[in-house]
Number of protein chains: 2
Amino acid sequence: MSENQFQKLVSSFSSLPGIGKKSATRIAFHMLRMDHSSFQHWIQSISEARESLQFCQVCGSLTEEPICDICTSEKRDASIICVVEQPEDIFFIENTKEYFGKYHVLNGAISPLDGIGPDQLRIKELLKRIEQSSVTEVLIATNPTLEGDATASYLSNLIKAYHIKVSRIAHGITIGGTIEYSDQYTLGKAIKSRLTI
Amino acid sequence: MSENQFQKLVSSFSSLPGIGKKSATRIAFHMLRMDHSSFQHWIQSISEARESLQFCQVCGSLTEEPICDICTSEKRDASIICVVEQPEDIFFIENTKEYFGKYHVLNGAISPLDGIGPDQLRIKELLKRIEQSSVTEVLIATNPTLEGDATASYLSNLIKAYHIKVSRIAHGITIGGTIEYSDQYTLGKAIKSRLTI
């Protein structure tokens, strides 16, 4: 059993997020069992996809053009911008079919412990968009984590200076969930954010 | 958010064993965030490793040469062959540092439901090795599954015709495990295979 090249193959896969050594080993053997043309096809489709994808110059989301479909679309409501941490978050929000405005990707959240301050995020770009357009509401959809919440309040203070509405996605008990199994913080938020029915 | 090329990237990863759609999405974004040279390096190291690895012409294990280190080594006991289902099994057995003989990879186990009969496995190659060498024992280390057990008894009948010893790795309760949490089949096997101390 030759370990050098095989270990190289395994560590190429275990360097990917969420892949441990055991999964990487399984994937490596899968690769070795692929015939030559399937393997070449696999490598090629990854390379091609990667080369053709870029981040939108306006909102920072993933696109095949310099500016993404949502930014150029006239059907999307340009008066509201939804701020997310990562491009992938747009995916999940689009899936809900409940949001029809524009987006802005921060590329992270404020996290002093990781050395990420406001300057490392796409905040200046967001403020520039607010200044230069007719935005009337900014919906902050950062994650309900310490970092996401800190980023949300930091942004909220900045944006309020422009006298526009700032909103935050609601946190509460999950649809289909039960009160019994909600954690106390979520349940607390759900009570504080209660709606009149 | 462009879906076509991105979906291609995601499905390239979700085609790998043990990778679901959510993990594939995370990996795809990880790929897109890599700089060009790291990405090229990643692709290259996979391609190189794959091209330089092959299956040993004698035992069927993974090697960089036509015949693997274990098959060519004079330090390994040539009188015993350990039969495994997959090349990866050799890895785990080598890790135990308890086995010093040779190996033989079947490339699977007999499984009529999946259309895998003895002819699809490297059984003829095993019998040829037994005929042409001074093997005195064959240790069958197929998995303790229905298929692995069926393969073991099929092989055992074949090999006994050569009047050599056939053994099977022991099944029993795991080291560090408790009797309470052993399943009844394992516990039953552990009692049947009891050793005098």
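Since the model is a prediction, treat every value here as computed from it, not as a measurement. (Residues numbered from 1 in each chain as written. Chains lettered and ligands numbered in written order. Predicted model: local features only at pLDDT ≥ 70, side-chain atom pairs only at ≥ 80, totals over all residues. Heavy atoms only, no water.)

> Tell me what's going on with the packing of helix α6 (residues 123–132) of chain A against helix α7 (residues 146–160) of chain A, and back it up with residues and numbers.
Between two packed helices, what matters for the description is the angle formed by their axes and the separation of those axes. Residues and elements named next belong to chain A. Packing of α6 against α7 leaves a shortest axis separation of 11 Å and a crossing angle of 30°. It follows that α6 is roughly parallel to α7 by the angle criterion. Here α6 runs over α7; the crossing is right-handed. Here α6 contributes Ile123, Leu126, Leu127 and Ile130 to the contact with α7, which in turn contributes Tyr154, Leu155, Leu158 and Ile159. For the contact of α6 with α7, the residue count by class is eight nonpolar, no polar and no charged. (Axes fitted to C-alpha atoms, helices over the stretch in contact; angles between N-to-C directions. Helix = DSSP H or I, 4+ residues; strand = E, 2+ residues; numbered from the N terminus. Parallel < 35°, antiparallel > 145°, perpendicular 65-115°, else oblique. Left-handed = near helix turned anticlockwise from the far one by under 90°. Contact = heavy atoms within 4.5 Å. Nonpolar A, V, L, I, M, F, W, Y, C, P; charged D, E, K, R; others polar.)

> Account for helix α5 (residues 87–96) of chain B, with residues named and values stated.
Since one α-helical turn is 3.6 residues long, residues separated by three or four positions face the same way. Three or more residues of α5 of chain B are buried, namely Pro87, Glu88, Asp89, Ile90, Phe91 and Ile93 of chain B. The first or second residue beyond α5 of chain B is Lys97 of chain B, which carries a positive phi of 55°. (Buried < 20%, exposed > 50% of the residue type's maximum accessible area, 1.4 Å probe, protein only.)

> Tell me what's going on with the pattern of salt bridges, and back it up with residues and numbers.
Tallying each qualifying case throughout the model produces twelve salt bridges over all chains. Two residues, Glu48 of chain B and Lys8 of chain A, come together in a salt bridge whose shortest N-O distance is 3.0 Å. Of this pair, Glu48 of chain B sits in helix α3 (residues 36–52) while Lys8 of chain A sits in helix α1 (residues 4–14), on two different chains. A relative accessible area of 42% means that Glu48 of chain B is categorised as partly exposed. The partly exposed category is assigned to Lys8 of chain A, whose relative accessible area is 28%. (Salt bridge = Lys/Arg side-chain N within 4 Å of Asp/Glu carboxyl O.)

> Can you lay out the nonpolar core for me, pointing to particular residues and giving the numbers?
Taken as a class, soluble globular proteins show a tendency for nonpolar side chains to be buried jointly. Phe6, Phe13 and Trp42 of chain A together with Phe6, Phe13 and Trp42 of chain B are the most contacted members of the largest nonpolar core, which has 42 residues in total. Sorting the residues of this core by element identifies α1, α2 (21–33) and α3 (36–52) of chain A together with α1 (4–14), α2 (21–33) and α3 of chain B as the ones contributing at least two each. Beyond its immediate stretch of four places on either side in the chain, Trp42 of chain B contacts Ser12, Phe13, Ser15, Leu16 and Trp42 of chain A together with Phe13, Met31 and Met34 of chain B. (Core = buried A, V, L, I, M, F, W, Y, C linked by side-chain atoms within 4.5 Å.)

> Give me the interface of chain B and chain A: which residues, what numbers.
On the side of chain A, 53 residues touch chain B, which itself brings 53 residues to the contact. Both sides together, the interface formed by chain B and chain A hides about 5,100 Å², and carbon and sulfur atoms give 67% of it. In this assembly, chain B and chain A are joined by four salt bridges. Across the pair Glu88 of chain B and Arg33 of chain A runs a salt bridge whose closest N-O atoms are separated by 2.9 Å. Joining chain B to chain A, the criterion identifies 18 residue pairs in polar contact (both at pLDDT 80 or more). The element best represented in the side of chain B that touches chain A is α3 of chain B, accounting for 13 residues. Its residues placed into classes, the side of chain B that touches chain A shows 25 nonpolar, 17 polar and eleven charged. (Buried area = accessible area lost by both parts, 1.4 Å probe. Polar contact = N/O pair within 3.5 Å; in protein donor to acceptor, adjacent residues only side chain to side chain.)

> Kindly report on the UniProt feature "domain: Toprim" (unreviewed entry) in chain A, identifying the contributing residues and their values.
Those places that UniProt annotates as "domain: Toprim" (unreviewed entry) correspond, in this numbering, to residues 79–174 of chain A. The distance separating the terminal C-alpha atoms of residues 79–174 of chain A is 29 Å; by composition the span is 36% helix and 20% strand. (UniProt positions renumbered as here; feature names shortened; annotations may be inferred.)

> Quick rundown of the domain arrangement of chain A? Include the residues and the values.
What the domain assignment lists for chain A is domain 1 (4–52) and domain 2 (62–168). One C-alpha centre belongs to domain 1 of chain A, the other to domain 2 of chain A, and the line joining them spans 34 Å. (Domains from an automatic or database assignment.)

> Lay out the relation of the copies chain B and chain A in plain terms, naming residues and giving numbers.
Taken as rigid bodies, chain B and chain A are interconverted by a rotation of 179° and an axial shift of 0.0 Å, the fit giving an RMSD of 0.1 Å. A rotation of that kind, with that shift, is consistent with a two-fold axis. Taking C-alpha positions as the reference, the residue of chain B nearest the rotation axis is Ile43 of chain B, at 3.6 Å. Here 100% of the contact residues of chain B are again contact residues in chain A; the copies associate through an equivalent surface. (Least-squares fit on C-alpha atoms with pLDDT ≥ 70 in both.)

> If you had to explain the sheet that holds strand β4 (residues 101–105) of chain B to someone new, which residues and values would you point to?
All names here are of chain B. As summarised here, the arrangement of the four strands in space is β4-β3-β5-β6, forming an open sheet in which the pairing is parallel. Two strands close off the open sheet at either side, each with one partner strand: β4 and β6 (165–168). On average, each strand axis in the sheet is inclined to that of its neighbour by 25°, with strand direction left out of account. Relative to β4, strand β3 (residues 77–84) runs parallel, the two sharing five bridges. By the bridge assignment for β4, Asp77 is matched with Gly101. Lying over the sheet, helix α6 (residues 123–132) contacts β3, β4 and β5 (137–140), oriented at roughly 150° with respect to β4. In this fold helix α7 (residues 146–160) packs onto β3, β5 and β6, with an angle of close to 170° to the strand it touches most, β6. (Pairing = 2+ DSSP bridges.)

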